[in-house]
Amino acid sequence: MTSVQAQDGPRPADVAAPVYDPDGFWDEMFAAPGAVRAHYAPLARQLATLSADEVARRQRAAELSFQSRGITFAVNQGPDGVEKIMPFDLVPRLLRADEWQHIERGLEQRIRALNLFLYDIYHGQRILGSGLIPPDLVLGARGYRREFRGVDVPLNVYTHIVGSDLVRDASGRFFVLEDNLRTPSGVSYVVENRRVLKRVWPQIFREYEVRPVEGYPQDLLDVLRAVAPPGAEEPTVVLLTPGIYNSAYFEHAFLAKAMGVEMVQGSDLFVDDGQVYMRTTHGRQRVDVIYRRVDDDFLDPLAFRPDSFLGVPGLVAAYRMGRASLANAIGTGVADDKAIYAYVPEIIHYYLGEEPILPNVPTYVPTRPDDLRYVLEHLEELVVKSVNESGGYGMLIGPHASQAHRAEYRARLLADPRGYIAQPTLALSRHPCWVEDHFEGRHVDLRPFVLFGREVRVTPGGLTRVALRRGSLVVNSSQGGGGKDTWVLAGGADSPTDSPMEK
Amino acid sequence: MLARVAEELFWMSRYVERAVSVARLIDVTLHLELDDGDPEDAASLWAPLLRPALGGGLSRFGGWGGQGGAASAPLAPITAAALEDGGVLTLRSAPAAGDVRYDLAFNEENPSSMASLVRRARAAARGVRECISSEMWEQLNTLYLSLVNPRVAAEAEEDPHGFHKRVREGAQFFHGLADCTLAHDEAWHFITLGKYLERAGSVARVLNLETHLLMPGGGPRGADEIVRWLAVLRSCGSAEAYARYYSLRVEPARVVEFLLLNPVFPQSVRFSLNAAWEALVGIAERGTFIRGGARGADPAVRALGLLRARLEHAAVDEVLEEGLDHYLSDVQGRIEVVAERVTHSYLRHEAQTGRVVGIARAAMIMAGQQQQQQQQQ
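Because the structure is predicted, anything quoted here is derived from the model rather than measured. (Residues numbered from 1 in each chain as written. Chains lettered and ligands numbered in written order. Predicted model: local features only at pLDDT ≥ 70, side-chain atom pairs only at ≥ 80, totals over all residues.)

What follows deals with the sheet that holds strand 6 (residues 161-163) of chain A. Residue and element names in this part refer to chain A. Sheet architecture is open: three strands sit in the order 6-21-22, paired in antiparallel fashion. Because the sheet does not close on itself, it has two edges, and the strands there are strand 6 and strand 22 (456-458). Averaged over all adjacent pairs, the angle separating strand axes in this sheet is 20 degrees, with direction ignored. When strand 6 meets strand 21 (residues 449-452), the two strands line up antiparallel, connected through three bridges. Across the sheet, the residue bridging to glycine 163 is phenylalanine 449, located in strand 21. Against the sheet, helix 4 (residues 97-121) contacts strand 6, strand 21 and strand 22, and its axis sits at roughly 140 degrees relative to strand 22. Those strands touched by helix 8 (residues 216-226) are strand 6, strand 21 and strand 22, and its axis lies near 30 degrees from that of strand 21. (Pairing = 2+ DSSP bridges. Helix = DSSP H or I, 4+ residues; strand = E, 2+ residues; numbered from the N terminus. Axes fitted to C-alpha atoms, helices over the stretch in contact; angles between N-to-C directions. Contact = placed C-beta atoms within 7 Å.)

The next subject is the pairing of strand 9 (residues 237-240) of chain A. A regular strand places its side chains on the two faces of the sheet in alternate fashion. Residue and element names in this part refer to chain A. On strand 9, burial covers both faces: Val237 and Leu239 on one face and Val238 and Leu240 on the other are all buried. As paired strands, strand 9 and strand 14 (residues 289-292) are joined by four bridges and run parallel to one another. Residue valine 238 lies in a different strand from strand 14, and its bridge partner there is isoleucine 290. Examined bridge by bridge, strand 9 and strand 10 (residues 262-264) share three bridges and lie parallel to one another. Paired with valine 238 across the two strands is glutamate 262, which belongs to strand 10. (Buried ≥ 20, exposed ≤ 12 C-beta atoms within 10 Å, placed from the backbone.)

All names here are of chain B. Between helix 1 (residues 3-36) and helix 8 (residues 160-181), the shortest axis-to-axis distance is 9 Å and the interhelical angle comes to 160 degrees. Comparing the axis directions of helix 1 and helix 8 gives the class roughly antiparallel. Of the two elements, helix 1 crosses helix 8, and the hand of that crossing is left-handed. Here Val16, Ala19, Val20, Ala23, Arg24, Ile26, Asp27 and Leu30 of helix 1 lie close against helix 8, whose contacting residues are Pro160, His161, His164, Val167, Arg168, Ala171, Gln172, Phe174 and His175. (Parallel < 35°, antiparallel > 145°, perpendicular 65-115°, else oblique. Left-handed = near helix turned anticlockwise from the far one by under 90°.)

Residues and elements named next belong to chain B. The assigned domain composition of chain B is domain 1 (1-182) and domain 2 (184-350). The interface of domain 1 with domain 2 comprises 27 residues on the first partner and 27 residues on the second. When residues of the side of domain 1 that touches domain 2 are assigned to their parent elements, the largest contribution, 17 residues, is made by helix 1. Grouping the amino acids of the side of domain 1 that touches domain 2 by side-chain chemistry returns 14 nonpolar, six polar and seven charged. (Domains from an automatic or database assignment. Nonpolar A, V, L, I, M, F, W, Y, C, P; charged D, E, K, R; others polar.)

Note that soluble globular proteins tend to have their nonpolar side chains buried in a common cluster. If you look at the biggest cluster of nonpolar residues, it comprises 241 residues, and the most contacted ones within it are A:Ile340, B:Ala6, B:Leu9, B:Ala19, B:Met114 and B:Leu280. Ranked by residue count, the leading element in this core is helix 1 of chain B, at 17 residues. The residues contacting B:Leu280, other than those within four sequence positions of it, are B:Leu193, B:Ala300, B:Val301, B:Leu304 and B:Val342. (Core = buried A, V, L, I, M, F, W, Y, C linked by C-beta atoms within 7 Å.)

One widely used convention gives an interface's size as the accessible area the parts lose upon coming together. All names here are of chain A. Splitting chain A by domain gives domain 1 (8-229 + 324-360 + 427-494) and domain 2 (362-425). Here domain 1 and domain 2 have C-alpha centroids that lie 24 Å from each other. Each partner contributes residues to the interface: domain 1 has 15 residues there, and domain 2 has 12 residues. When residues of the side of domain 1 that touches domain 2 are assigned to their parent elements, the largest contribution, three residues, is made by helix 11 (residues 338-341). Here the residues of the side of domain 1 that touches domain 2 are counted per class, giving six nonpolar, six polar and three charged.

Next up, the structure:
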């Protein structure tokens with residue numbers, strides 16, 4: 001804000017002002033320049049009553065609130081790491097009841113199929129004999145834990161907590177970009193973004209009936225209790241964190257506190273005679289369920305990486321013996337391997353006999369020779385991703401990359417075709433975001449959170465991540481992405497199937 | 001509750017309380033300096049507050065060290081050896097008063113500076129966020145952010161009294177929030193225990209450093225002596241309450257009596273130890289010590305009970321006769337023992353380790369299962 005603007009007096013922050021142009025992308029708010037989508041109309045009216053200064057003031061108030069409440073993530077891990085807040089954009093992202101119902105059904109279908117797949121590949125391996133998916137791809141995946149074949153998990157559920165990334169293309173259709181089946185994070189922002197927006201812009205909530213997201217911690221605790229080892233009457237649940245230097249530490253504390261369970265570090269636990277205990281001020285206390293926010297590799301130095309200080313010696317043995325449950329189960333990484341992702345539509349067909357409700361993004365798997373040839377010929381159009389990386393690391397965005405960068409990926413693809421996949425560069429949908437003193441379109445995605453215990457439950461909301469740099473397609477917080485509150489609108493008279501009465 | 005969490009809470013609370021003491025001490029010394037008016041004397045007022053790294057001085061706030069771990073790194077202890085080596089008198093050159101103030105307030109390399117203490121308290125709080133109230137965390141975080149603000153050092157020189165008041169009140173507010181936003185259960189007991197043990201130790205340390213004033217020829221006489229003892233009271237936040245009790249007749253023996261033995265004033269050593277004892281019994285009662293029969297079975301409770309009794313039945317004349325420095329050193333040493341025993345009984349149980357035998361057996365069972373599977377396949 002410059003003083004010149006301040007002298008001009010309040011200017012309307014009306015997003016419908018002619019300056020805002022969807023530029024040919026699918027815009028969440030605008031069907032065309034100046035044409036607000038119906039469900040955004042009350043929001044647009046409210047925005048039009050605010051001056052640019054008022055928008056900026058609320059934006060600052062929101063950021064201050066995140067700062068003083070310590071809602072931060074660590075950028076460089078370790079004692080010298082910097083704590084940053086995730087930039088927050090004031091304007092919420094709205095999802096209609098019918099849009100949400102579609103997403104909900106699609107995710108439930110997908111998660112059920114993926115859990116049947118995980119059960120299968122850790123038991124009879126029927127699918128590997130079907131010819132639908134190359135056995136090498138599964139058995140050779142870094143996330144596949146052959147030593148857990150034959151180990152049963154409670155309720156046969158492997159992925160109790162999932163955060164799938166959805167995107168919308170230029171036609172407005174939702175696609176699943178990736179499944180996060182190991183230790184997905186971000187749900188604390190779903191809840192905190194809502195709390196902060198209520199604080200800094202309460203007026204806007206009077207315009208809508210928004211489905212609450214506060215229930216997530218209770219739902220999560222229900223799931224964790226449901227998967228306790230058989231015989232644990234009043235199961236003790238804990239959350240295992242790598243500690244304060246982990247980038248998602250705030251979230252671990254947030255969830256432990258909201259659920260009223262202990263947040264433990266590896267050193268707080270020990271295993272004695274196959275049973276897991278925590279060290280308390282009055283002696284040992286048995287632990288039944290561990291919501292672990294630690295990767296498989298670091299869980300137990302006796303079973304996996306011996307150099308891990310985060311884990312608990314003997315934990316894996318206790319888990320195998322069924323004395324303690326882990327959420328998510330060990331070995332789920334195989335199912336969110338990006339090369340196996342390409343086969344999820346086949347997996348849904350195979351186990352459920354259904355058409356996928358939410359499609360995959362078309363994916364080239366370079367272990368297929370035709371795909372490799374195509375990828376090498378079209379590097380300047382494609383996005384190439386390492387199969388085991390996440391957080392926006394280890395990827396090439398062809399159209400934005402330098403010649404040298406593309407050449408580097410060409411060499412990598414030839415040397416290790418199993419290590420990469422490629423996808424067309426998607427024209428991700430955009431949403432108006434406040435940039436300095438006006439609104440501009442920024443690309444967004446959507447990460448809903450899915451819980452699976454006795455039933456699948458999708459929290460009505462999600463994290464809308466925003467690529468804050470103009471034109472950027474990378475929404476990860478580690479790469480300068482921000483967040484928006486995400487509203488699932490309650491179904492009105494026109495969509496009675498969404499009312500809770502019907503369920 | 002988790003032993004690690006209890007330990008973090010205990011130290012978090014001590015660091016915050018210690019920051020209050022440092023803020024008071026700087027503020028009071030600043031007032032003394034202004035009263036004195038002679039710039040030559042300034043160095044001799046500030047020098048005793050120095051830590052060794054600044055040229056041979058002696059840290060007043062060394063105190064008893066921590067028990068290791070990220071949040072409880074030991075502080076530089078005051079040792080008899082340091083005193084015998086001449087302590088403050090071996091300063092090679094007098095440092096500027098402003099440097100000392102900076103060192104005590106903002107120097108991150110000085111583990112006893114306010115900034116270091118608040119940073120460590122915050123680090124401890126961060127590790128146990130799920131066990132303290134959001135209000136407490138926000139308060140401590142705000143206090144921390146205000147101390148690492150790049151402009152804060154200049155502001156503190158500009159308005160030192162206002163600055164130290166803000167830090168002191170910020171830290172006191174934190175403890176107030178602990179009292180009214182937490183259930184008074186085990187976590188709160190550990191916070192309370194830390195606060196009062198620290199306070200008892202701090203007051204004993206401040207008094208101990210002034211014992212030389214009681215020696216013949218050991219300090220200023222007349223009006224200056226009164227100013228000095230008033231400063232002692234102020235650095236323990238006790239001047240107003242003292243005046244109410246003794247109509248501001250500042251006599252060394254009365255000051256010592258008030259700070260050491262007053263049963264109802266919350267800044268006195270006796271009061272603090274009583275409050276610490278209540279908290280410790282609250283902790284012990286949840287465990288087996290009471291159920292097992294005698295309260296005295298817990299070594300930490302016993303050590304603190306004995307120390308309480310020592311102050312409970314003391315008379316100031318006898319204390320002075322015994323030698324105040326001797327008496328205070330004994331009290332400080334006993335507080336240290338209590339802290340060690342609390343650590344041993346509750347925070348770092350030795351018995352709580354997985355037996356290797358158990359792990360080995362689990363591994364054998366695993367191997368057996370694997371064999372069975374292979375046979376099935």
